[in-house]
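Here is what each chain is made of, one letter per residue.
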Amino acid sequence: MKKLIAIDLDGTTLNQDSKITDKTAKTLRRAVEDGHSVVIATGRPYRMSKNFYQELQLTTPMINFNGALVHLPGKVWAGEEETSFNRKIVFDLMAEKKNLKLDFIAAENRETFFIDDLNFFDQHFFSSDFATDENLLTVNTLRTNPTSVLLRSQPENVGSVSEELKQQFGQEVEVNTWGGPNPILEVVAKGIQKAHGLKRVIDNFNLKSEDIIAFGDEHNDVDMLKFAGWGVAMANGTDQVKSVANDITEKTNTEDGMADYLTKYLDL
């Protein structure tokens, strides 16, 4: 039976250096050659993940911003969907930045990003060579509703900030933590998560959720692993994600755990 392999990036497909190892790339390419499909489902924006899509030579739809953007990179696709939320929430967050102990607030969509403090601009993080005043997040520059908002706090504050945001804005948005080394919170529209994006993909390809095998390691992968016919948590995953998984990899993301599991599962 041919599978749709849904893969998270940080902490799952990527190693500790945020790279795809040769072994993982070869395993995924072999799965595609065998007739399976590989779909990236990530919290990252497209500009911070398109290099991995290209590296794996994928031609499938891609899920970015935890499901707020579902698209076929570089192509016009009838199934495309981008979901935004009210920019007023961004301005409320800016007003409460100190109380919430946030380092920076960044609002973005597929094309661009705005950050409220250019001192925190990081070329690697924003996948951009430079930021100008046009990228400065203000009431005047953010003229459209954002697809996603990224908030950085100190690692020890992330949990409490997340709870505070859910209490204040939980009726309108979802709050997720990023996997990987960055203490980042991501805010997207209410009801949006990776499973929502995957449902959109399978509806367009007449597949069923039973056809999906999904891999993840973090809070934002829980719904995806529950939705998939076979959900696999990484050995380095959180207790929460492991509790909903059908299985757990023997090895971590730093040891090609996903590639190892897929090789046995699909008999590659």
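Here, every reference points to the structure presented above.
Cut-offs used in this document
- Residues numbered from 1 in each chain as written.
- Predicted model: local features only at pLDDT ≥ 70, side-chain atom pairs only at ≥ 80, totals over all residues.
- Heavy atoms only, no water.
- Phe/Tyr/Trp six-rings, centres within 6.5 Å; stacked < 30°, edge-to-face > 60°.
- Helix = DSSP H or I, 4+ residues; strand = E, 2+ residues; numbered from the N terminus.
- Buried < 20%, exposed > 50% of the residue type's maximum accessible area, 1.4 Å probe, protein only.
- 1 Å grid on protein atoms, 1.4 Å probe; cavity = no way out; pocket = protein on both sides within 12 Å on 5 of 7 lines; lining within 4 Å.
- Points joined across faces, edges and corners; volume = space filled by probe spheres on them.
- Nonpolar A, V, L, I, M, F, W, Y, C, P; charged D, E, K, R; others polar.

Enquirer: Tell me about the packing of aromatic side chains, residues and numbers included.
Expert: How two aromatic rings sit relative to each other is set out by the distance from centre to centre and by the angle between their planes. Scanning the entire structure with this criterion turns up 11 aromatic pairs. Centroid distance phenylalanine 215 to tyrosine 261: 5.7 Å. Interplanar angle 80 degrees. Geometry classified as edge-to-face. Linking phenylalanine 215 in strand S11 (residues 212–216) with tyrosine 261 in helix H10 (residues 257–265), this pair joins segments that are 46 residues apart in sequence. Classification of tyrosine 261 as buried rests on a relative accessible area of 13%. Ring centres 6.3 Å apart and planes at 20 degrees place the aromatic pair tryptophan 230 and tyrosine 265 in the stacked group. Residue tryptophan 230 is located in strand S12 (residues 230–233), and its partner tyrosine 265 is located in helix H10; the two are separated by 35 residues in the primary sequence. Judged by relative accessible area, which is 33%, tyrosine 265 ranks as partly exposed. Ring-pair connections join several aromatic residues into one group, and the members of that group are Phe104, Phe113, Phe120, Phe121, Phe125 and Phe126.

Enquirer: So what about the layout of surface pockets? Which residues, and what values?
Expert: What the largest pocket holds in volume is close to 210 Å³. With 3 residues, helix H5 (residues 123–126) is the single largest residue contributor to the lining of the largest pocket. Here the lining of the largest pocket is built from residues that sort into 8 nonpolar, 3 polar and 4 charged. Taken as a whole, the second largest pocket spans an internal volume of roughly 150 Å³.

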